[in-house]
2 protein chains.
Amino acid sequence: MSKLVIVGTVAFDAIETPFGKTDKILGGAATFIGLAASQFNNVDSSIVSVVGGDFPQKYLDLLSDKKIDISGIEIVKEGKTFFWSGLYHNDMNSRDTLATELNVLADFNPVVPVNYRDAKVVMLGNLHPLVQMSVIEQMTEKPDLIVLDTMNFWMDNALDDLLKVIKKIDVITINDEEARQLTGEYSLVVAARKIHEMGPKYVVIKKGEHGALLFHNDDVFYAPALPLEEVFDPTGAGDTFAGGFAGYLAGTNDFSFENMKNAVIYGSTLASFCVEKFGTERMMNMTDEEVFDRLKQFKSLTQFEIELS
Amino acid sequence: MSKLVIVGTVAFDAIETPFGKTDKILGGAATFIGLAASQFNNVDSSIVSVVGGDFPQKYLDLLSDKKIDISGIEIVKEGKTFFWSGLYHNDMNSRDTLATELNVLADFNPVVPVNYRDAKVVMLGNLHPLVQMSVIEQMTEKPDLIVLDTMNFWMDNALDDLLKVIKKIDVITINDEEARQLTGEYSLVVAARKIHEMGPKYVVIKKGEHGALLFHNDDVFYAPALPLEEVFDPTGAGDTFAGGFAGYLAGTNDFSFENMKNAVIYGSTLASFCVEKFGTERMMNMTDEEVFDRLKQFKSLTQFEIELS
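Keep in mind that what you see is a predicted model, and the values were worked out from it rather than measured.

### Overview of the side chain of A:Thr17
And step 1. Structurally, A:Thr17 can be placed in strand 2 (residues 11-17).
And step 2. Sequence-distant contacts of A:Thr17, that is, excluding residues within four places in its chain, are made with A:Tyr88, A:Met92, A:Phe232, A:Asp233 and A:Phe278.

### Notes on helix 6 (residues 176-183) of chain A
Residue and element names in this part refer to chain A.
And step 1. Most of helix 6 sits out of view: six of its eight residues are buried.
And step 2. Taken residue by residue, helix 6 has Asp-176, Glu-178, Ala-179, Arg-180, Leu-182 and Thr-183 as its buried positions.
And step 3. By the N-cap criterion, in which a side-chain oxygen at the helix start approaches the backbone nitrogen of a residue two or three places on, helix 6 is capped by Asn-175, the distance to Glu-177 being 3.0 Å.

### Considerations on the interface of chain B and chain A
And step 1. Chain B puts 37 residues into the contact, and the matching count from chain A is 37 residues.
And step 2. Both faces combined, the contact of chain B with chain A buries some 3700 Å², and carbon together with sulfur accounts for 59% of it.
And step 3. Sorting the residues of chain B by area buried against chain A places B:Phe304, B:Ile306 and B:Leu308 first, and these three jointly supply 20% of that buried surface.
And step 4. Counting every contact that joins chain B to chain A gives four salt bridges.
And step 5. Across the salt bridge formed by A:Glu229 and B:Arg193, the nearest N and O atoms sit 2.0 Å from each other.
And step 6. The tally of links between chain B and chain A comes to 15 residue pairs in polar contact (both at pLDDT 80 or more).
And step 7. Contributing elements (two or more residues each) for the side of chain B that touches chain A: helix 7 (188-198), strand 14 (219-223), helix 9 (257-274) and helix 11 (288-302) of chain B.
And step 8. The element that contributes the greatest number of residues to the side of chain B that touches chain A is helix 11 of chain B, accounting for eight residues.
And step 9. A class-by-class count of the residues in the side of chain B that touches chain A yields 19 nonpolar, eight polar and 10 charged.

### A few points about the pairing of strand 13 (residues 212-216) of chain A
Residues and elements named next belong to chain A.
And step 1. With five of its five residues buried, strand 13 lies for the most part within the structure.
And step 2. Burial along strand 13 is two-sided: Ala-212, Leu-214 and His-216 facing one way and Leu-213 and Phe-215 facing the other are all buried.
And step 3. As paired strands, strand 12 (residues 202-206) and strand 13 are joined by four bridges and run antiparallel to one another. Within strand 13, the residue paired with Val-203 across the bridge is Phe-215.
And step 4. Taking the residues that link successive antiparallel strands as the turn, the strand 12-strand 13 hairpin has five residues, and the phi of Gly-208 there is positive, at about 60°.
And step 5. Pairing geometry for strand 13 and strand 14 (residues 219-223), over five bridges, is antiparallel. Looking at strand 14, one finds that Leu-214 is bridged to Phe-221.
And step 6. Connecting the antiparallel pair strand 13 and strand 14 is a turn made up of two residues, with Asn-217 showing a positive phi of about 50°.

What counts and how
- Residues numbered from 1 in each chain as written.
- Chains lettered and ligands numbered in written order.
- Predicted model: local features only at pLDDT ≥ 70, side-chain atom pairs only at ≥ 80, totals over all residues.
- Heavy atoms only, no water.
- Helix = DSSP H or I, 4+ residues; strand = E, 2+ residues; numbered from the N terminus.
- Contact = heavy atoms within 4.5 Å.
- Buried < 20%, exposed > 50% of the residue type's maximum accessible area, 1.4 Å probe, protein only.
- Polar contact = N/O pair within 3.5 Å; in protein donor to acceptor, adjacent residues only side chain to side chain.
- Buried area = accessible area lost by both parts, 1.4 Å probe.
- Salt bridge = Lys/Arg side-chain N within 4 Å of Asp/Glu carboxyl O.
- Nonpolar A, V, L, I, M, F, W, Y, C, P; charged D, E, K, R; others polar.
- Pairing = 2+ DSSP bridges.

Shape descriptors only; they carry no functional weight alone.
Here it is, written out as structure tokens:
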């Protein structure tokens, strides 16, 4: 078994889309990352996070049932769980944040479970860069691969801390607008090169419905998003992508550029399920056969046979 | 040799981008389509269009030098050539039209040269749908493949005529916003299905820097745009794509879905050159070796080796 440490939020989400709305349901970056990584049978994932006394045991059980270690999820009995609420517009590409209640996240000191401190792969989900840095520092052996996901909020509010943690990682996953904000470059090719210079050897730029780009020096790989009839709820798609990416790499224990292409395809495949239902619903009920069929769809979507001779 | 009939504008363009501006230079949909198709040595292309007495002989010679038949380009001595002027914004994805002077195009009656009326492939570039229909009607044998490119202007101003010509064609190439406008559907998968129902068996949706999608019944193929450091001038990229697509199919004489995938890749490859310089400059100076190298780049950009067993 390959160990994978995941840090990120475990949260309540309330979501409104043109298709309907939810009450508070299970959400959070680490939740989606963990569920995606749980697809890989030879990966032993541990989530490092914090929830309040209001967090239902049944949600924790859902994660345990997926063989995810939850001993690193601190429960602050007198506190309330992080809550996010958002409203998606008709195009499903833009959203308004209606509420962000940090609650127990405000004073979160992550503790990586002792038996996961030698994990080969670390996935730093979207959280304050100081929390991400603390997880890196707790690892007793230098991980083979550290993947970091972040967002514009930390560029606006904790840029210095973010740049420090970016220096320490191998792969960054970031969306196109954030890559532009971080570098001041419109061209994603130029932006990726500037991010390389900040530290990460691999840069993954997520473009939502337009897919994802993987950069490594002068090499580029492009994975489309699967064209879908209907995107029901995009919440968690980026985290699911990151979890599929990191989980695949942990499971194969091969961190070459060629294998990272496959990891991007796996991430895209799992994300295509995530958006089909509200919250984690689809990720909870996804069979190996369905994943396999969709990987085949990705192949026929992208592969061609031009004679190059 | 496979004959390819191309109808579309041959025009003057004046272009302003963040990188600079041009005086009136050679432009027009048929020009870009013809230059792209001229890459295929076994394709004998003929442009059907109209220019004014102000159109320089040297521009016509440039086309002839590329072995493009120009006997179907009518010269109205007392008239002026179609003129378009545009200003691109910083993101290069949006533009303002500064001037559109129809001039000789206002009364254009296309005449397909007699020895091209049995062409197997017809490429109807962006023009009034009645002009496109007239070209179809002049073909003495039913072509194996009719490809149509159009834009929102004709949806706004000649929708009934457009729908009539759409019924008669095999492939439509259209951009994402136009596909949405034509069908009233946001999802491109649903939009493509509705366009199928209007007639074309194959639907190509162009997404600019995000690539292109090819739909045929339930099959989908996705070709990214090559990630470029710098897009210098997007003018003509869509036409170049269409010309590469139609030219490749004419040259291979294979109109299967599998071969259309290759055609989409060729179209994307040629379009990636087009945007590197103002107007037709790059298309005029492009070697077979450069095209071959870029096709290889497309392969490494998109191909992966996941074991599916």
